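Fold and contact review
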Amino acid sequence: MTARPPDHPSARLPALTPYSLPLLLGRIDREWSTRGTIFDLAPQRFFQSVEGCDLSLHGAGRRVATPAGPAAGPHTQLAQNLVLGWLAGARSFELKTVQILDQLEIERPCIDMATVGFNVEWSQELTLEESLQEYAKAWLMLAILSEWPPLREVLGDPGHHVFELSVGYDLAGLQSPRMRRFSDGMLDAGGLLGDLADQIPSPFSQVLAGLETP
């Protein structure tokens, strides 16, 4: 693909920058109390289960409340995007594919659909360590929000969800030490979740106190 000139819109797009867990939860609290929205999504667009309508599906070793969810892509890299998907009814999340080459210079947007579609992406936009943090943050946020009283009044029982790990792209990469640390961290995130839990501000810290470790 021909390199885009410096004045092309993609050349002006900033790199993805993860927000901290206290900042994300603080925004949720302030936005809900002042505007009644979460990450600019209004409750009218939240998914609400209908009594007597079972949309659940058994997958990945557990039953999830709906079969819907985003496929791996740039939109499943950041914690707030996973929260937005969950609010809209996603319960089966295929997380963004990660691999050992996590610092490639990639044109953005990585998919150009002006006429014929080209996908020039081969790497995630976050490092492996940042990806692990984002997925753990999202899991913890969903555990809290599913029991947060103001949201529970709107959603009811949101049911279970699952995160599906997507990794690539060759065996050597998968067996590398950093990729193995990432996979191990995803399979057992107890230590990371514990560290993140110490960052949770009020009123969500009270909700977390009543939860079992996710």
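Residues numbered from 1 in each chain as written. Predicted model: local features only at pLDDT ≥ 70, side-chain atom pairs only at ≥ 80, totals over all residues. Heavy atoms only, no water.

1. So, the overall build of the protein
Put simply, the rule is: Numbering of helices and strands runs from the N terminus, with a helix taken as a DSSP run of H or I at least four residues long and a strand as a DSSP run of E at least two residues long. Remark: exposure states derive from per-residue accessible area (1.4 Å probe, protein chains only) relative to the maximum for the residue type, with buried under 20%, exposed over 50%, and partly exposed in between. The contact rule is simple, with two residues in contact once any of their heavy atoms fall within 4.5 Å. Under the convention used here, a 1.4 Å probe and the Shrake-Rupley method define accessible areas, while residue burial counts only the protein chains that appear.
Along the backbone of the protein there are eight helices and six strands. Ordered by position in the sequence, the α and β elements of the protein form the string α-β-β-α-β-β-β-α-α-β-α-α-α-α. Taking all 214 residues of the protein together, the buried fraction comes to 38%. Summarising the internal contacts of the protein: among those between residues at least 6 apart in sequence, 71% fall at separations of at least 24. When the accessible surface of the protein is split by element, carbon and sulfur atoms take 55% of a total near 11800 Å².

2. Looking at the confidence of the model for the protein
Low pLDDT means the predicted atomic positions in that stretch should not be read closely. Keep this limit in mind: As a per-residue measure, pLDDT reflects the predictor's confidence and takes values from 0 up to 100.
Taken as a whole, the protein shows an average pLDDT of 86; of its residues, 84% reach a score of 70 or greater. Considering each helix and strand of the protein separately, the mean pLDDT is smallest for strand β5 (residues 118-119), with a value of 62, and largest for helix α2 (residues 79-87), with 97.

3. Some words on the layout of surface pockets
This is how the line gets drawn: Only protein atoms enter the 1 Å grid used here. Points where a 1.4 Å probe fits but cannot escape make up a cavity, open sets with protein on both sides within 12 Å along at least five of seven lines make up a pocket, and a residue lines them when an atom lies within 4 Å of a point. Grid points are joined across faces, edges and corners, and a volume is the space filled by probe spheres set on the points. Charged residues are taken to be Asp, Glu, Lys and Arg, nonpolar residues to be Ala, Val, Leu, Ile, Met, Phe, Trp, Tyr, Cys and Pro, and polar residues to be all remaining types, Gly included.
If you add up the space inside the largest pocket, you get close to 670 Å³. Looking at the lining of the largest pocket, the elements with two or more residues in it are β2 (62-64), α3 (128-145) and α4 (149-155). Residues of the lining of the largest pocket, tallied by class, amount to 14 nonpolar, nine polar and eight charged.

4. Focus: the packing of aromatic side chains
Here the distance between the centres and the angle between the planes together describe a pair of aromatic rings. The condition is simple: Working definition: a ring pair exists when centres of Phe, Tyr or Trp rings (six-membered ring for Trp) sit within 6.5 Å. Plane angles under 30 degrees give stacked, over 60 give edge-to-face, the rest tilted.
Under the definition given, this model contains six aromatic pairs. Taking 6.3 Å as the distance between ring centres and 15 degrees as the angle between the ring planes, the aromatic pair formed by Trp32 and Phe46 counts as stacked. With Trp32 in helix α1 (residues 21-35) and Phe46 in the loop between α1 and β1 (57-59), this residue pair connects regions lying 14 residues apart in the sequence. Among the residues examined, Trp32 registers a relative accessible area of 17% and is labelled buried.

5. Examining α1
The test is simple: Each helix should span, by expectation, one fewer than its residue count multiplied by 1.5 Å.
Over its 15 residues, α1 extends 21 Å from the first C-alpha to the last, a length consistent with the 21 Å expected when each residue adds 1.5 Å. Taken together, the buried positions of α1 are Leu21, Leu24, Leu25, Gly26, Ile28, Glu31 and Trp32. Those residues of α1 that are buried lie in contact with α2, α3, α4, α7 (190-197) and α8 (204-209). Taken from the residues just after α1, Gly36 is the one with a positive phi, measuring 70 degrees.

6. Some points on the packing of α1 against α3
We apply this condition: Axis definition: a line fit to C-alpha positions, over the contact stretch in the case of helices; interaxial angles, taken between N-to-C directions, run 0 to 180 degrees. Helix crossings are classified by the rotation of the near helix relative to the far one: an anticlockwise turn of less than a right angle makes the crossing left-handed, while a clockwise turn makes it right-handed.
Two elements in contact, α1 and α3, have axes whose closest approach is 11 Å; the angle formed by their N-to-C orientations is 30 degrees. Considering only the axes of α1 and α3, their crossing is right-handed. On the side of α1, the interface is formed by Leu21, Leu24, Leu25 and Ile28, while α3 contributes Lys137, Leu140, Met141 and Leu145. Its residues placed into classes, the contact of α1 with α3 shows seven nonpolar, no polar and one charged.

7. What about the side chain of His161?
Relative to the helices and strands, His161 is located in the loop between α4 and β6 (162-164). The class of His161 is buried, set by a relative accessible area of 10%.

8. Overview of the side chain of Thr66
The residue Thr66 is located in the loop between β2 and α2 in this model. Sequence-distant contacts of Thr66, defined by excluding residues within four places in its chain, comprise Phe47, Leu55, Ser56, Gly89, Ala90, Arg91 and Ser92.

9. Comments concerning the pattern of salt bridges
Defined as follows: Salt-bridge detection follows one rule: a side-chain nitrogen of Lys or Arg within 4 Å of a carboxyl oxygen of Asp or Glu.
Applying the stated criterion across every chain, the model contains eight salt bridges. A salt bridge links Arg27 to Glu31; the nearest nitrogen and oxygen atoms lie 2.8 Å apart. Residue Arg27 and its partner Glu31 are both found in helix α1; the two are separated by four residues, about one turn of the helix. Among the ionic pairs, Lys137 bridges to Glu134, the shortest N-O distance being 2.4 Å. One end of the pair is Lys137 and the other is Glu134, both in helix α3 and three residues apart, which spans about a single turn. For Lys137, a relative accessible area of 5% puts it in the buried group. Salt bridges here are not isolated pairs; linked through shared partners, they connect Arg27, Glu31, Arg35 and Asp40.

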